[in-house]
Amino acid sequence: MKLSPGIKNFWFIVGYFFFSLVISILALLWYGNWDKHILLSLPFLVGFIVGFFLNLLPFIWFLSNLKSQLLQAMPDEWELNVAVLKDYPLLNFTWLREQTNILESLGFVQLMDCQVKPGNGFARCFTHPQHYCFVEIGQLFLADGEIITLHTIFSALEQDWAVGAINRPVQNADGIEYTWRNSKHIRTYQPHLNLDELLQSHLNFRQRIITDLGIYVSTDVSWHFYRNMMQQFTVSSKQIFRRKNLILAMLEATLFELNPKSEWLGDYPQAAAKRGVRV
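These notes cover the structure that comes with them. (Residues numbered from 1 in each chain as written. Predicted model: local features only at pLDDT ≥ 70, side-chain atom pairs only at ≥ 80, totals over all residues. Heavy atoms only, no water.)

### Focus: the overall build of the chain
Within the chain, the secondary structure is distributed over nine helices and seven strands. Here the analysis covers contacts within the chain between residues at least 6 apart in sequence; of these, 64% occur between residues at least 24 apart. Total accessible area on the chain stands at roughly 16000 Å², and carbon and sulfur atoms take up 60% of it. (Helix = DSSP H or I, 4+ residues; strand = E, 2+ residues; numbered from the N terminus. Contact = heavy atoms within 4.5 Å. Areas by Shrake-Rupley, 256 points an atom, 1.4 Å probe, with all protein chains shown as cover.)

### With respect to the pattern of salt bridges
When the charged atoms of two side chains lie near each other, side chains of opposite charge can form a pair. One pass over the full model with this rule turns up eight salt bridges. One salt bridge in this structure joins Asp 76 and Lys 238, with 2.6 Å as the shortest N-O distance. Linking Asp 76 in the loop between helix H3 (42-73) and helix H4 (93-105) with Lys 238 in helix H7 (residues 223-243), this pair joins segments that are 162 residues apart in sequence. The partner of Asp 212 in a salt bridge is Arg 208, with the nearest N and O atoms 4.0 Å apart. One end of the pair, Asp 212, and the other, Arg 208, are both in helix H6 (residues 195-213), four residues apart, so they sit about a helical turn from each other. Judged by relative accessible area, Asp 212 falls into the buried class, the value being 11%. (Salt bridge = Lys/Arg side-chain N within 4 Å of Asp/Glu carboxyl O. Buried < 20%, exposed > 50% of the residue type's maximum accessible area, 1.4 Å probe, protein only.)

### Let's talk about the sheet that holds strand E1 (residues 109-115)
Judged by pairing direction, the sheet is mixed, and its seven strands sit side by side in the order E1-E2-E3-E4-E5-E6-E7 without closing on themselves. Only two strands of the sheet have a single neighbouring strand rather than two, namely E1 and strand E7 (263-264). Across the sheet, H6 touches strand E3 (133-141), strand E4 (147-156), strand E5 (162-166) and strand E6 (185-189), and the angle it forms with E4 is around 35°. (Pairing = 2+ DSSP bridges. Axes fitted to C-alpha atoms, helices over the stretch in contact; angles between N-to-C directions.)

### Concerning H6
The terminal C-alpha atoms of H6 lie 27 Å apart, and with 19 residues this matches the ideal 27 Å at 1.5 Å per residue to within 8%. Residues of H6 that are buried: Leu 195, Leu 198, Leu 199, His 202, Leu 203, Phe 205, Arg 206, Ile 209, Ile 210, Asp 212 and Leu 213. On its buried face, H6 sits against H4, E3, E4, E5, E6 and helix H9 (268-274). At the N-terminal boundary of H6, the capping side chain belongs to Asn 194, with an oxygen 3.2 Å from the backbone nitrogen of Asp 196. (Expected span 1.5 Å × (residues − 1). Polar contact = N/O pair within 3.5 Å; in protein donor to acceptor, adjacent residues only side chain to side chain.)

### Description of the environment of Asn 182
Tracing the sequence through the fold places Asn 182 in the loop between helix H5 (174-179) and E6. In this structure the C-alpha to C-alpha distance between Asn 182 and Trp 161, which are 21 residues apart in sequence, comes to 9.2 Å. In this structure the side chain of Asn 182 is engaged in a polar contact, spanning 2.8 Å, whose partner is the backbone nitrogen of Lys 184.

### Points about H4
Because an α-helix packs 3.6 residues into every turn, residues spaced three or four apart end up facing the same way. Relative to the 18 Å expected for 13 residues at 1.5 Å per residue, H4 spans 18 Å between its end C-alpha atoms, a close match to the ideal helical length. Buried within H4 are the following residues: Trp 95, Leu 96, Gln 99, Thr 100 and Leu 103. One side of H4 carries all its buried residues, which in axial view fall inside an arc of 130°. On its buried side, H4 packs onto E1, strand E2 (121-128), E3, E4 and H6. N-cap assignment for H4: the residue whose side-chain oxygen lies 3.2 Å from the backbone N of Thr 94 is Asn 92. (Arc of directions from axis to C-beta.)

### A few points about the pairing of E6
Across the five residues of E6, four count as buried, placing the element largely inside the fold. In this view, the connection linking E5 to its parallel neighbour E6 by way of H5 has right-handed handedness. For E6 and E7, the ladder comprises two bridges, and the chain directions are antiparallel. From the neighbouring strand, Thr 188 faces E7, where its bridge partner is Glu 263. (Right-handed = clockwise from strand over helix to strand, strands pointing away.)

### Considerations on the side chain of Arg 124
Considering the arrangement of structural elements, one finds Arg 124 in strand E2. A polar atom in the side chain of Arg 124 sits 2.6 Å from the side chain of Asp 113. Beyond its immediate stretch of four places on either side in the chain, Arg 124 contacts Leu 85, Leu 96, Thr 100, Gln 110, Met 112, Asp 113, Val 135, Glu 136 and Ile 137.

### Concerning the packing of aromatic side chains
Two aromatic rings are characterised by how far apart their centres lie and by the angle between their planes. This model, assessed by the stated rule, comprises 19 aromatic pairs. Taking the centre distance of 5.9 Å and the plane angle of 90° together, the rings of Phe 256 and Trp 264 count as edge-to-face. Each member of the pair Phe 256 and Trp 264 is classed as buried. Through a chain of ring-to-ring contacts, the aromatic side chains of Phe 10, Trp 11, Phe 17, Phe 18, Phe 59 and Phe 62 assemble into a single cluster. Sitting over the face of the ring of Phe 241, Lys 67 holds its NZ or CZ atom 5.9 Å from the ring centroid. Its guanidinium or amino end placed over the ring of Tyr 178, Arg 181 lies 3.7 Å from that ring's centre, counting from NZ or CZ. (Phe/Tyr/Trp six-rings, centres within 6.5 Å; stacked < 30°, edge-to-face > 60°. Lys NZ or Arg CZ within 6 Å of the ring centre and 35° of its normal.)

Put into structure tokens, the structure is as follows:
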């Protein structure tokens, strides 16, 4: 997978800063004729330190400003806006009706139609009274005209654990989200499964996690619980990213784009290992 333009631009600026810093150091050394008596003199050392920080301050400002912009783009709370079908002329209504029928035949009950923020998108939310899980199906309408179709199944477990399955390939855009992931939120990407297969895969994997960690699934599948869960996800994601060093976050996003991860296991292997279970 190729690096995204945002990642490329970031490392270009980082590289430009270090290149400028090296050139400045070499220029000072040349000015001092590489004479150790001059290089160790107080005026030269003061000039070197001042020059170093004059190069460093713009870079610090760049990192601070970029992180501030990224944080501003992240919502402070989960914004619930009821979606009205007539407001989505690009929505494939035939697809929506077919997927709704399939989910209802699998025992899911419709909760609500929601707007997807940020951006322009539609999501229909379902709950399963027997399997104790939630499903979101929807479509995102990108500015370039591309339409992304999504199916996401997820369950809340005890001790703040959560597990989800998405039936699309991993994308570059997932790299940034990967950097602020919650270590107790497990996610898998399974692009080649239909809804029935995705549900069975999710339930089997969930049972494995429950057994390995010695916990239980939450049996509250009400709209109130769903709304609170999404709010907690939104708030915790921003808090995690706020605490994270931006250089390390961008490095992690870069490595993700170079080697996309279709399984986000977080602390699950370590937690299972403490119980003598090898994942």
